[in-house]
Amino acid sequence: MEPLVPINEYRNGALTIEWDSVTDAAKAHRVSYALIKTLCATGNPLPDQSDSITFDTPYDSPYHYEMSDGPAGQKKPLLICDTTMK
């Protein structure tokens, strides 16, 4: 189980909302938890929006998402804790 990871939402490059968790951001935009994690890892904008809406972990957070190889060569978002990396 992943810890609660705060997520920042940006509209057209400007910080607009600081979400308490990935789940909160996903619920507000009516998209999946996995999509928000993927957008955090890739930096891609939320699809089908008139504004460019992107997500990322806060600068001072020890957590961030990266894309990693999953089963059958598919990419999936992976939560990384910088304080445990050597």
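What counts as what
- Throughout this description, residue numbers start from 1 for each chain and increase along the sequence as written.
- Local features in a predicted model are, by the rule used here, given only for residues with pLDDT of at least 70; side-chain atom pairs are given and counted only at 80 or more, and totals for whole chains, interfaces and linings are based on all residues.
- In computing side-chain properties, one takes all heavy atoms of the structure into account and sets aside hydrogens as well as water.
- For the purposes of this entry, the term helix denotes a DSSP run of H or I that reaches at least four residues, the term strand denotes a run of E that reaches at least two, and both are numbered from the N terminus.
- For a compact globule the rule gives 2.2 Å times the number of residues to the power 0.38, and the radius of gyration it is set against comes from C-alpha atoms.
- Any residue under 20% of the maximum accessible area for its type is buried, any over 50% is exposed, and the rest in between are partly exposed; the area is computed with a 1.4 Å probe on protein chains only.
- Here a residue-residue contact requires only that any non-hydrogen atoms of the pair lie within 4.5 Å.
- The accessible surface values rely on the Shrake-Rupley method and a 1.4 Å probe; as for residues, cover is taken only from the protein chains in view.
- Only four residue types enter the charge count: Lys and Arg as positive, Asp and Glu as negative, with His and the chain ends excluded.
- Positions of charges follow a simple convention, taking NZ of Lys, CZ of Arg, CG of Asp or CD of Glu.
- Counting of polar contacts relies on pairs of N or O atoms within 3.5 Å, with two restrictions inside protein: one atom must be capable of donating a hydrogen and the other of accepting it, and residues adjacent in sequence are counted only when both atoms are side-chain atoms.

**A look at the overall build of the protein chain**
Right, on to step 1. Summing up its helical and strand segments, the protein chain has two helices and five strands in all.
Right, on to step 2. What you see in the protein chain, going N to C, is helices and strands ordered as β-β-α-α-β-β-β.
Right, on to step 3. Its C-alpha radius of gyration of 13 Å places the protein chain within 12% of the 12 Å reference for a compact globule of 86 residues.
Right, on to step 4. Considered along the principal axes of its C-alpha atoms, the protein chain spans approximately 40 × 30 × 20 Å.
Right, on to step 5. Taken across its 86 residues, the protein chain has 34% of its residues classed as buried.
Right, on to step 6. Considering only contacts within the protein chain whose residues lie at least 6 apart along the sequence, 38% involve residues at least 24 apart.
Right, on to step 7. Counting every atom, the protein chain has about 5700 Å² of accessible surface; 51% of that belongs to carbon and sulfur.
Right, on to step 8. On the protein chain, the mean spot of the 7 positive side-chain charges and the mean spot of the 12 negative ones are 7 Å from each other.

**Regarding the side chain of T54**
Right, on to step 1. As for its position among the elements, T54 is in strand β3 (residues 53–56).
Right, on to step 2. By relative accessible area, T54 is classed as buried at 19%.
Right, on to step 3. Among residues more than four places away in sequence, those in contact with T54 are N8, E9, Y10, G43, N44 and P45.

**Some remarks on the side chain of S61**
Right, on to step 1. For S61, the position within the fold is in the loop between β3 and β4 (63–69).
Right, on to step 2. Of the polar contacts made by the side chain of S61, one reaches the backbone nitrogen of Y63; its length is 3.1 Å.

**Side note on unusual backbone geometry**
Right, on to step 1. Positive phi values are uncommon outside glycine, yet N12 reaches one of about 50°.
Right, on to step 2. Mapped onto the fold, N12 is located in the loop between β1 (7–11) and β2 (14–19).
Right, on to step 3. Taking relative accessible area as the criterion, N12 reaches 53% and is therefore assigned exposed.
Right, on to step 4. Even without glycine at this site, D48 takes up a positive phi of about 60°.

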